[in-house]
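# Working through the structure, step by step
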Amino acid sequence: MPPVVKALIVLVLGIVLLGGAGFGGWTLYNKYYVQHDETPKKVEPPPKPPTGFVRLAPLVVPALGATRVEQFVTVVVTVEVLLEKQPMAQANMTRLTDAFLTAMYGGVADKTVMNGGLVNIPAVKDKLVEAGNKVLGPGVVQNVLVQAITQRNL
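Below is a summary of the structure that appears in this document.

Quick notes on the rules
- Residues numbered from 1 in each chain as written.
- Predicted model: local features only at pLDDT ≥ 70, side-chain atom pairs only at ≥ 80, totals over all residues.
- Heavy atoms only, no water.
- Helix = DSSP H or I, 4+ residues; strand = E, 2+ residues; numbered from the N terminus.
- Rg over C-alpha atoms; globule rule 2.2 N^0.38 Å.
- Buried < 20%, exposed > 50% of the residue type's maximum accessible area, 1.4 Å probe, protein only.
- Contact = heavy atoms within 4.5 Å.
- Areas by Shrake-Rupley, 256 points an atom, 1.4 Å probe, with all protein chains shown as cover.
- Lys, Arg positive; Asp, Glu negative; His and termini not counted.
- Charge placed at Lys NZ, Arg CZ, Asp CG, Glu CD.
- Salt bridge = Lys/Arg side-chain N within 4 Å of Asp/Glu carboxyl O.
- Phe/Tyr/Trp six-rings, centres within 6.5 Å; stacked < 30°, edge-to-face > 60°.
- Core = buried A, V, L, I, M, F, W, Y, C linked by side-chain atoms within 4.5 Å.

### Some remarks on the overall build of the chain
A tally of regular secondary structure across the chain gives four helices and six strands. Reading the chain from its N terminus to its C terminus gives the helix and strand order α-β-β-β-α-α-β-β-α-β. For 154 residues, the compact-globule estimate of 2.2 N^0.38 gives 15 Å, and the chain exceeds it by more than 25% at 35 Å. Reported as C-alpha extents along the three principal axes, the dimensions of the chain are approximately 120 × 40 × 20 Å. For the chain, with 154 residues in total, the buried portion stands at 28%. Intrachain contacts of the chain at a sequence separation of at least 6 include 70% that bridge at least 24 residues. Of the roughly 10,700 Å² of accessible surface on the chain, 64% is carried by carbon and sulfur atoms. In the chain, which carries 14 positive and 10 negative side-chain charges, the distance between the mean positions of the two groups comes to 2 Å.

What follows is the structure, encoded as structure tokens:
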């Protein structure tokens, strides 16, 4: 074999080996030394189910003091329920009103819905959502919309 062919084979093998080593080094460098922005893709939550509204009569609860009634608290609420359960909620409005009054009486009596002499609206909403889900079933009451709260001192 002529020496030129041997030199050409060695040259081609050298180029192939250097190319492979270069590719391997580049791959390792990108894998271990370059910071990749691997922020997890935001998974969109499933859409909220359609809801309907049921308006209740105003709830009037007395706030008792040491010896007498100190004030009356009136709460006007609308209950947001799953749309498919809205007829059931309207059919059970009496039970729902009773549960809401019971929850409000308990909350006013143990002062969990009161901050001093004022009504704590988020606490009222939490109590009423809990009471509504006890009556209608878990997850039926999506929210309680407090439309008005009035307090009348005596």
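### Let's talk about the pattern of salt bridges
The full count for this structure, using the stated rule, is one salt bridge. Of the charged contacts in the structure, one is a salt bridge between glutamate 130 and lysine 134, with a shortest N-O distance of 3.8 Å. With a gap of four residues between them, glutamate 130 and lysine 134 both fall in helix α4 (residues 121-136), about one helical turn apart. Residue glutamate 130 is classed as partly exposed on the basis of its relative accessible area of 48%. Residue lysine 134 is classed as exposed on the basis of its relative accessible area of 67%.

### Quick word on the packing of aromatic side chains
Applying the stated rule across the entire model yields one aromatic pair. Pairing phenylalanine 23 with tryptophan 26 gives two aromatic rings, centres 6.2 Å apart and planes at 40 degrees, and the pair type is tilted. Residue phenylalanine 23 and its partner tryptophan 26 are located together in helix α1 (residues 3-32), separated by three residues, close to a single helical turn.

### Here we look at the nonpolar core
Counting 30 residues, the largest nonpolar core has Val77, Val81, Phe100, Met104, Leu128 and Leu136 as the members making the most contacts within it. The dominant element in this core, judged by the number of residues it contributes, is α4, at seven residues.

### Structural notes on the environment of glycine 137
Here glycine 137 shows up in the loop between α4 and β6 (141-153). The class for glycine 137 is buried, based on a relative accessible area of 16%. Spatially, the C-alpha atoms of glycine 137 and lysine 85 are 9.9 Å apart, while their sequence positions differ by 52 residues.

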